Amino acid sequence: MSFISLGLSGFFQRALDEQGYEAPTAIQAQAIPAVISGRDLLAAAETGSGKTAAYVLPLLEILQSQDAPASNCAAVLVLVPTRELALQVETSIKSYSRYMPRRVTSLAVYGGVSINTQMQALRGGCDLVIATPGRLLDLVEKNAVKLNQVRHLILDEADRMLDLGFAEELQKVLSLLPPQRQNLLFSATFPEEVDALIDKLLFNPVTIEIERKNKLPESLTQRAIEVDTEQRTSLLRYLLSQHSGDQFLVFVASKRAANNVAIKLNKAGFNADTLHGDMSQIDRNGALQSFKAGQTQVLIATDLAARGIDIPLLPFVVNYDLPRSPADYIHRIGRTARAGEAGTAFSFIDHSSDAHFELIVKRNQLTIDREQIPGFERNSTPPPEALQPTKGPQPIKGKRKSKKDKLREAAERSKAYEGRQGSSIWSTAKLKSED
Ligand code: AMP
């Protein structure tokens, strides 16, 4: 099967050849004809499935025969949860559209950088705007972009967008769009909130790969390594030296941990950089670019980098700290073993994360044998602090509180209150059902 047989014009071939795409992926084979025909689309996008090209290519095909948008208007609106994904989608659009007869304009708009440059770039109108919801609304408020001529709406990583607390902004954006439009929704998971969005947004959609949601690529090996907390950096150094020259994406729980681990690795002679929310947008882009270009061996990241970031040929992911949510585990490890390449995801399990790892495994219906690496064996008795009752996942600083965080807080407040008044059945039951 060729891209052209799916309904794309011949002028895309050269750009696709340059990308090294020989044949459409499964999601592309189904999505491209459906989008060209104008249907709404609902896709369970597996990590590394080629979902970006699955919607960008047919939209470019449609745009080829349409007039350029009016001043400050956009024809296609792609909503994404993070700045990094916005930039990545824009890069894909630019490379796929390189040899189109009609010049197609695209712009990524996201917070954390100057709004003025984005306002100027939108002045003449823009075929495709790729935006994070918050910054998009800021631009609407300043009359820099009008959404009343949007004909195609794409929600990329809808689940992540809702996870990050964008529900309100999303509703606001939807209310600004014209009712007549094509809607494409991509999501890796389908919690209730996403289902509600699907009902509201999509009209008789073509559905793709729904039954394969959360499936991990077969080329991905998961290894759970039991190790003592204070041995984790040594173990990481050992793994790095065992695979010298290979790139590692290492996930940690906090910005401070990212900096600490990077300093230790650099001292030990490894080329390590960080990616987290305390860095300026320019530094974040720089760190990601250097890593993508293979100039950095190790990137130590917080969950900011967990989703949607496409690092070609990344062989190793390490969960130095486990992620807060079981869904984030899948997103993190999905950064490796993309597009059919082999990849390994290591998870470090210290005594205090035993129970949480079991939860991650259970919720994701995984089977992972635990192992110990000679020289880094975990003490058989947990240290006293690991036996302290866990406080439960803490909200990440600087992030909007999730519904669960709010509920948990409410339950805790009510527990404290009821501790004085009587039982706390309601709060416990409510939390259980939400968890
Ligand atoms: P995505 O799921 O859109 O993030 O894409 C994952 C990776 O697959 C990216 O590196 C794409 O460049 C690559 N890719 C997308 N489509 C194809 C294809 N048809 N053949 C080979 N690689 C592809």
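Residues numbered from 1 in each chain as written. Predicted model: local features only at pLDDT ≥ 70, side-chain atom pairs only at ≥ 80, totals over all residues. Heavy atoms only, no water.

**What about the nonpolar core?**
Counting residues in hydrophobic clusters, the biggest one holds 41 residues, and the most contacted among them are Leu 41, Tyr 55, Leu 57, Leu 60 and Phe 186. If sequence neighbours within four positions are ignored, Leu 41 has contacts with Ala 31, Ala 34, Val 35, Asn 183, Leu 184, Leu 185, Phe 186, Leu 202, Pro 205, Val 206 and Ile 208. The next biggest cluster of nonpolar side chains, apart from the first, holds 38 residues, and it includes Val 129, Ala 158, Met 161 and Val 194. (Core = buried A, V, L, I, M, F, W, Y, C linked by side-chain atoms within 4.5 Å. Buried < 20%, exposed > 50% of the residue type's maximum accessible area, 1.4 Å probe, protein only. Contact = heavy atoms within 4.5 Å.)

**Here we look at the sheet that holds strand 8 (residues 220–226)**
One open sheet holds the seven strands; their spatial order is 10-11-9-12-13-8-14, and the pairing between them is parallel. Edge strands, defined here as strands with exactly one partner in the open sheet, are strand 10 (272–275) and strand 14 (370–371). Summarising the sheet, strand 8 and strand 13 (residues 343–349) pair through seven bridges and their orientation is parallel. In the sheet register, Thr 221 faces strand 13, and the bridge partner there is Thr 344. In the packing of helix 10 (residues 232–242) onto the sheet, contacts are made with strand 8, strand 9 (248–251), strand 11 (298–301), strand 12 (316–319) and strand 13, and the angle to strand 13 comes to roughly 160 degrees. Contacts between helix 13 (residues 326–333) and the sheet are confined to strand 8, strand 9, strand 12 and strand 13, with strand 12 contributing the most and set at about 155 degrees to the helix. (Pairing = 2+ DSSP bridges. Helix = DSSP H or I, 4+ residues; strand = E, 2+ residues; numbered from the N terminus. Axes fitted to C-alpha atoms, helices over the stretch in contact; angles between N-to-C directions.)

**Some details on the side chain of Gln 281**
Summarising the element assignment, Gln 281 is placed in helix 12 (residues 281–292). The exposure class of Gln 281 is buried, given its relative accessible area of 3%. A distance of 2.7 Å separates a polar atom in the side chain of Gln 281 from a polar atom in the side chain of Arg 83. For Gln 281, the contacting residues outside a window of four places in its chain are Arg 83, Glu 84, Tyr 110, Gly 111, Gly 112 and Val 113. (Polar contact = N/O pair within 3.5 Å; in protein donor to acceptor, adjacent residues only side chain to side chain.)

**Side note on the pattern of salt bridges**
A full pass over the atoms with the stated rule returns 16 salt bridges. Among the ionic pairs, Lys 51 bridges to Glu 157, the shortest N-O distance being 3.7 Å. Of this pair, Lys 51 sits in helix 3 (residues 51–64) while Glu 157 sits in the loop between strand 5 (152–155) and helix 7 (158–163), placing them 106 residues apart in sequence. Of the two residues examined, Lys 51 and Glu 157, each falls in the buried class. Note that Asp 321 and Arg 232 form a salt bridge whose closest N and O atoms lie 2.7 Å from each other. On the criterion of sequence distance, the pair formed by Asp 321 in the loop between strand 12 and helix 13 and Arg 232 in helix 10 is long-range, its members being 89 residues apart. Overall, Arg 232 belongs to the buried group, its relative accessible area being 12%. Taken together, the shared-partner salt bridges connect Glu 226, Asp 354, Glu 358, Arg 370 and Arg 378 into one network. (Salt bridge = Lys/Arg side-chain N within 4 Å of Asp/Glu carboxyl O.)

**Description of helix 10**
Note on helix geometry: an α-helix contains 3.6 residues per turn, so any two residues three or four positions apart are oriented the same way. Buried within helix 10 we find Arg 232, Thr 233, Leu 235, Leu 236, Leu 239 and Leu 240. One face of helix 10 carries all of its buried residues, which in axial projection span an arc of 160 degrees. Here the buried face of helix 10 lies against strand 8, strand 9, helix 11 (255–267), strand 11, strand 12 and strand 13. (Arc of directions from axis to C-beta.)

**Looking at unusual backbone geometry**
At Glu 157, a position not held by glycine, the phi torsion is positive, near 55 degrees. Not every positive phi belongs to a glycine, and Gln 365 is a case in point at roughly 50 degrees. Looking at where Gln 365 falls in the secondary structure, it is placed in the loop between helix 14 (354–363) and strand 14. A relative accessible area of 73% means that Gln 365 is categorised as exposed.

**What to know about the site of the ligand**
The environment of the ligand is made up of 14 residues, and the closest members are Tyr 21, Gln 28, Gly 50, Thr 52 and Asp 310. At a separation of 2.7 Å, a nitrogen atom of the ligand approaches a polar side-chain atom of Gln 28. A distance of 2.8 Å separates an oxygen atom of the ligand from a polar backbone atom of Gly 50. Tallied by class, residues from the shell around the ligand come to five nonpolar, six polar and three charged. Split by domain, the residues of the shell around the ligand number at least three in each of domain 1 (4–208) and domain 2 (220–387). (Near = heavy atom within 4 Å. Nonpolar A, V, L, I, M, F, W, Y, C, P; charged D, E, K, R; others polar. Domains from an automatic or database assignment.)

**A few points about helix 11**
The end-to-end C-alpha distance of helix 11, which contains 13 residues, comes to 18 Å, matching closely the 18 Å that a straight helix rising 1.5 Å per residue would cover. What helix 11 keeps buried is the set Ala 257, Ala 258, Val 261, Ala 262 and Leu 265. For helix 11, the angular spread of buried residues about the axis comes to 130 degrees, placing them on one side. In helix 11, the exposed positions angled more than 90 degrees off the buried face are occupied by Arg 256 and Lys 267. The inward-facing, buried residues of helix 11 contact helix 10, strand 10 and strand 11. Gly 269 occupies a position one or two residues after helix 11 and carries a positive phi of about 95 degrees. (Expected span 1.5 Å × (residues − 1).)

**Describing the confidence of the model for the protein chain**
When the pLDDT values of the protein chain are averaged, the result is 86; 86% of them are 70 or greater. Note that pLDDT drops below 50 for residues 390–399; the model gives that stretch eight contacts with residues more than four away or on any other chain. A low-confidence stretch, residues 413–435 stays under pLDDT 50, and its non-local contacts, those more than four residues away or across chains, total 16 contacts. (pLDDT = per-residue confidence, 0-100.)

**Focus: the sheet that holds strand 1 (residues 41–44)**
Reading across from one edge, 3-4-2-5-6-1-7 is the order of the seven strands in this open sheet, with parallel pairing throughout. Each having just a single partner strand, strand 3 (106–109) and strand 7 (206–208) make up the two edges of the open sheet. Averaged over all pairs of adjacent strands, the angle between strand axes in this sheet comes to 15 degrees, irrespective of strand direction. Both strand 5 and strand 6 (residues 182–187) contribute to a ladder of four bridges, which runs parallel. Residue pairing in the sheet places Leu 155 in a bridge with Leu 185 of strand 6. Running over the sheet, helix 9 (residues 192–201) touches strand 1, strand 5 and strand 6 and is turned about 165 degrees from strand 6.

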